[in-house]
Amino acid sequence: MKQFFGLKKALFPALAITCLQFQVTAQLTIGPGVYLSSAGNSTNIVMQDVSLVNHGLIQHSSGVFRFTGNAPTIITGNGTLQFFNLVMDRSFNSNVTLMRNIEVANTLAFQKGLLELNGYTVDLLSTGHLINENESGRITGLTGGLVKRKINLAAPSAVDPGNLGAIISSPENLGEVTIQRGHQSQQNSLGTGSSVHRFYDVLPTNNTALKATLRFSYLDAELNGLPENDLVLFQSTANNNWSAKGFSSRDASGNYVEKTNLASFSRFTLSTSLNELANDCLPEEMQTWYLDADGDGYGSPLQSTTACKPPKGYTDMAGDCDDNNPAIHPSAADVCNGLDDNCDGITDGTCTTVPGLTVTDTRVYETSGEANVTVSLSAPAAGTITTKYKTVNGSASHPKDYQRVTGLLVFSAGEQFKTVAVTLTRDNKPEPAEYFDLLLEEPTGAVLADASGRITIIESGVDNETTSYLEKQKTTDPGFDVKVYNNPAATQFIIQVTTESTERMVMQVSDAQGRIIEQRSNMAPSGIIAVGAGYLPGIYFVQVLQGNHHKQIKLVKL
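Since the model is a prediction, treat every value here as computed from it, not as a measurement.

Visitor: In this structure, what is going on with the sheet that holds strand β36 (residues 447-450)? I would like to understand it.
Guide: Pairing between the strands of a sheet is mediated by backbone hydrogen bonds and can be parallel or antiparallel. A sheet is described by the order of its strands in space; here four strands give the open sequence β34-β31-β29-β36, paired in mixed fashion. Every interior strand has two partners, whereas the edge strands, β34 (417-423) and β36, have only one. Across the sheet, the axes of successive neighbouring strands diverge by a mean angle of 25 degrees, strand direction being ignored. Examined bridge by bridge, strand β29 (residues 356-359) and β36 share three bridges and lie parallel to one another. Bridge assignment links Gly356 to a residue of β36, and that residue is Val447.

Visitor: Quick question: what am I supposed to make of the environment of His549 here?
Guide: Relative to the helices and strands, His549 is located in strand β44 (residues 549-557). It is 9.4 Å that separates the C-alpha atoms of His549 and Thr499, two residues lying 50 residues apart in sequence.

Visitor: For this particular structure, what's the right way to read the sheet that holds strand β28 (residues 314-315)?
Guide: The strand order across the open sheet formed by three strands is β27-β26-β28, and the pairing between neighbours is antiparallel. This sheet does not close on itself; its edge strands, each paired only once, are β27 (304-307) and β28. Note that strand β26 (residues 287-291) and β27 share four bridges and pair antiparallel. Across the sheet, residue Gln287 finds its bridge partner in β27, namely Ala307.

Visitor: What is the right way to look at the nonpolar core in this model?
Guide: Soluble globular proteins tend to pack their nonpolar side chains together in the buried interior. Of all hydrophobic cores here, the largest spans 53 residues; its most connected members are Leu52, Val122 and Phe265. Contact partners of Val122, with chain neighbours within four places excluded, come to Leu98, Ile102, Val104, Leu108, Leu115, Leu117, Leu146, Val147 and Lys148. Residues Leu377, Tyr389, Val420 and Leu440 belong to the second largest nonpolar core, which totals 24 residues.

Visitor: Would you take a moment to explain the pairing of strand β8 (residues 64-69) for this structure?
Guide: In regular strands, side chains alternate between the two faces of the sheet. Counting buried residues along β8, five of its six residues qualify, which places the element largely inside the surrounding structure. Sheet topology note: the strand β5 (residues 44-48)/β8 ladder contains five bridges and is parallel. When the sheet's bridge partners are listed, Asn44 is paired in β8 with Val64. Note that β8 and strand β10 (residues 80-90) share five bridges and pair parallel. The partner of Phe65 across the bridge, within β10, is Leu86.

Visitor: When you look at the side chain of Thr386 in this model, what are you seeing that I'm missing?
Guide: With respect to the helices and strands, the residue Thr386 is situated in strand β32 (residues 385-393). Here the side chain of Thr386 touches Thr444 through a polar contact of 2.4 Å, side chain to side chain. With residues near it in sequence (within four places) discarded, Thr386 still touches Leu408, Leu409, Val410, Glu442, Pro443 and Thr444.

Visitor: Any chance you could explain the environment of Asn188 here in plain terms?
Guide: Along the polypeptide, Asn188 turns up in the loop between β18 (173-182) and β19 (199-204). C-alpha of Asn188 to C-alpha of Ala238: the two residues are 50 residues apart in sequence and 9.9 Å apart in space. At a separation of 3.3 Å, a polar atom in the side chain of Asn188 contacts the main-chain carbonyl oxygen of Leu277.

Visitor: Teacher, can you tell me more about the packing of aromatic side chains here?
Guide: In this description, a pair of aromatic rings is defined by centroid distance and the angle of the planes. Counting across every chain of the model gives six aromatic pairs. Aromatic side chains Phe265 and Phe268 sit 6.1 Å apart centroid to centroid with 75 degrees between the ring planes, which places their arrangement in the edge-to-face category. In this structure, Phe265 and Phe268 share a single accessibility class: buried. Taking 4.9 Å as the distance between ring centres and 35 degrees as the angle between the ring planes, the aromatic pair formed by Tyr535 and Tyr540 counts as tilted. Taken individually, Tyr535 and Tyr540 each receive the classification buried, so the pair is uniform in this respect. The structure contains a cluster of three or more aromatic residues connected by ring pairs, namely Phe65, Phe67 and Phe83. Across the ring face of Tyr256, the terminal group of Arg215 is positioned such that the distance to the ring centre comes to 3.7 Å.

Visitor: Is there a simple way to explain the confidence of the model for the protein in this structure?
Guide: Caution applies to low-pLDDT parts of the model: their predicted coordinates are not meant to be read in detail. Residue-level pLDDT values for the protein average 84, and 88% of them are 70 or greater. With pLDDT under 50 throughout, residues 1-25 is counted as low confidence; its partners more than four residues away or in other chains account for 56 contacts.

Visitor: Looking at this structure, how should I read unusual backbone geometry?
Guide: The phi angle of most residues is negative, glycine excepted, and most peptide bonds adopt the trans form. Between His398 and the following residue, Pro399, the backbone shows a cis peptide bond with an omega angle of 0 degrees. Inspection of the secondary structure puts Pro399 in the loop between β32 and β33 (406-411). The phi torsion at Asn132 lies on the positive side, around 60 degrees, for a residue other than glycine. The topology assignment puts Asn132 in the loop between β14 (129-131) and β15 (137-140). Residue classification places Asn132 among the partly exposed residues on the basis of a relative accessible area of 44%. Even without a glycine there, the phi angle at Ala158 is positive, about 55 degrees. Tracing the sequence through the fold places Ala158 in the loop between β16 (146-154) and β17 (166-169).

Visitor: Honestly, the pairing of β15 in this entry has me stumped. Any pointers?
Guide: Here β15 shows a buried face lined by Gly137 and Ile139 and a second buried face lined by Arg138 and Thr140. Of the strand pairs in this sheet, strand β12 (residues 102-116) and β15 are connected by four bridges, and their pairing is parallel. Note that in β15 the partner of Leu114 across the bridge is Arg138.

The rules behind each value
- Throughout this description, residue numbers start from 1 for each chain and increase along the sequence as written.
- Owing to the predicted nature of the model, reporting of local features is limited to residues with pLDDT of at least 70; listing and counting of side-chain atom pairs is limited to 80 or more, with chain, interface and lining totals taken over all residues.
- Only hydrogens and water are removed before side-chain values are computed, so all heavy atoms of the structure are retained for them.
- One bridge is not enough; two strands pair if DSSP finds at least two bridges between them.
- The helix and strand labels rest on DSSP assignments: H or I over at least four residues marks a helix, E over at least two residues marks a strand, and numbering proceeds from the N terminus.
- To obtain an axis, a line is fitted to C-alpha atoms, over the contacting stretch when the element is a helix, and the angle between two such axes runs from 0 to 180 degrees between their N-to-C directions.
- Definition used in this section: a nonpolar core is a set of buried Ala, Val, Leu, Ile, Met, Phe, Trp, Tyr and Cys residues joined via side-chain atoms within 4.5 Å.
- Under the scheme applied here, a residue whose accessible area is under 20% of the maximum for its type counts as buried, over 50% as exposed, and between as partly exposed, the area being computed with a 1.4 Å probe on protein chains only.
- Only heavy atoms matter for contacts: two residues are in contact if any of them lie within 4.5 Å across the pair.
- Within 3.5 Å is the distance limit for a polar contact, defined as a pair of N or O atoms, with the added protein rule that one can donate a hydrogen and the other accept it, and that residues adjacent in sequence qualify only through two side-chain atoms.
- In this scheme Phe, Tyr and Trp rings, the latter by its six-membered ring, pair at centre separations within 6.5 Å, and the angle between planes marks the pair as stacked below 30 degrees, edge-to-face above 60, and tilted otherwise.
- Charge-over-ring placement is defined geometrically: NZ (Lys) or CZ (Arg) within 6 Å of the ring centre, and within 35 degrees of the ring normal.
- As a per-residue measure, pLDDT tells how confident the predictor is, with possible values from 0 to 100.

Printed below as a string of structure tokens:
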């Protein structure tokens, strides 16, 4: 029998359901103060493509609350909500998503469909359990959330509390035990490694000398790409320091890994013995690692940690006296720039005036077929200067978007500029702007002032970056141009503005972190502007604006 209804506090302060089937075909909202109860084991509340919003009181003490259909639905609201028998009977891979914690006092049964935890908890209390969880009907929760069960265990033998899949044996009295199951891949304290999409927290009151056995069950859908025949048990402390426990038996067809003689319980997951998830080691294998914030291979002696393996962004080389500048480190050349480049404690102690190498950022249309990237010296070479170069993938990649190049640039005496040509792949497909980088390395006779230049490829007519102003000026603003001379510079930069407009101009200089260093307003159009005399060495960006005209140029201060 089908009935259609809306509950209102004034009309239905309480509603008892006793019919064989009660089907709702619109969102079911239980308002504040409304009481919904079920009476009789034959009560069948069917939620077909319907979300449940409960702000009142649902006392489901018998019968079945069944979610069916295929449209995504949610369970939400801030009222009291405890299911007795909850059934997922939906189409394959369709979700019921939790937007609140729920309790299930008797059974949570699966036919098909996913119950997405979404960071929330399904509490089976001390009486609930799962039924028929399977590959096409199961709990999932890649963004967090738990399903948990409490139980008293005295010398348990192959007990599976709540049918969660953690089967426990021990000759000892464990006392009250809380079992929690989650579905996120685990990592170690270094942020590396991975596991199956299932873990168990086994938390007994008594947790020493247990001589316990744990059979860890899983589903194929939770393997997370790991080879099933190589799975071993991992145990953690603090839920992020993992040690491989191996296995006593495992069965890929039965979907379990079992380990005997465990001294204690904590968090467990499955991974492979060669996975980076394990980060345990002997005390004598511990090592000090230093934070290398600027990526120059040397870390700050003031920021260190001890671990078996280097955490991401750390190095075993200390001694960096400025970990925010990759040009400053113990093996750097000492350049006459008012800085302690080689961290020997002496500013310009043994420095020589050495020219700096810079790669110019370039923007080019794909249809041009080639990007010509300028590499320049801060001053003409007095003798032969060389540097290696190579392209590095960004959002654009070889060979789909461009052809990789590597080589050696040679500046002869008196030369200051060189060009590296990179062939672009013309696919005639509309796509957003993409980029790759040209990197300089291993210079001789010069230092790397700006070793990375970004080449942005623009599909003709498709430029979704804000800096597309610069390309558009070539056709819409032919009378406006900004050029910078003496760039890179050890003293100051000379900026020349050419414009046909009489509007006043604005100039702004910011550093690499986006902080405004200098700003000038109400400037006369055109003319020569000198900036940078007091700037510290580093990367800056100058913007010149005049009405709708705009141009930005990168500055390198030596």
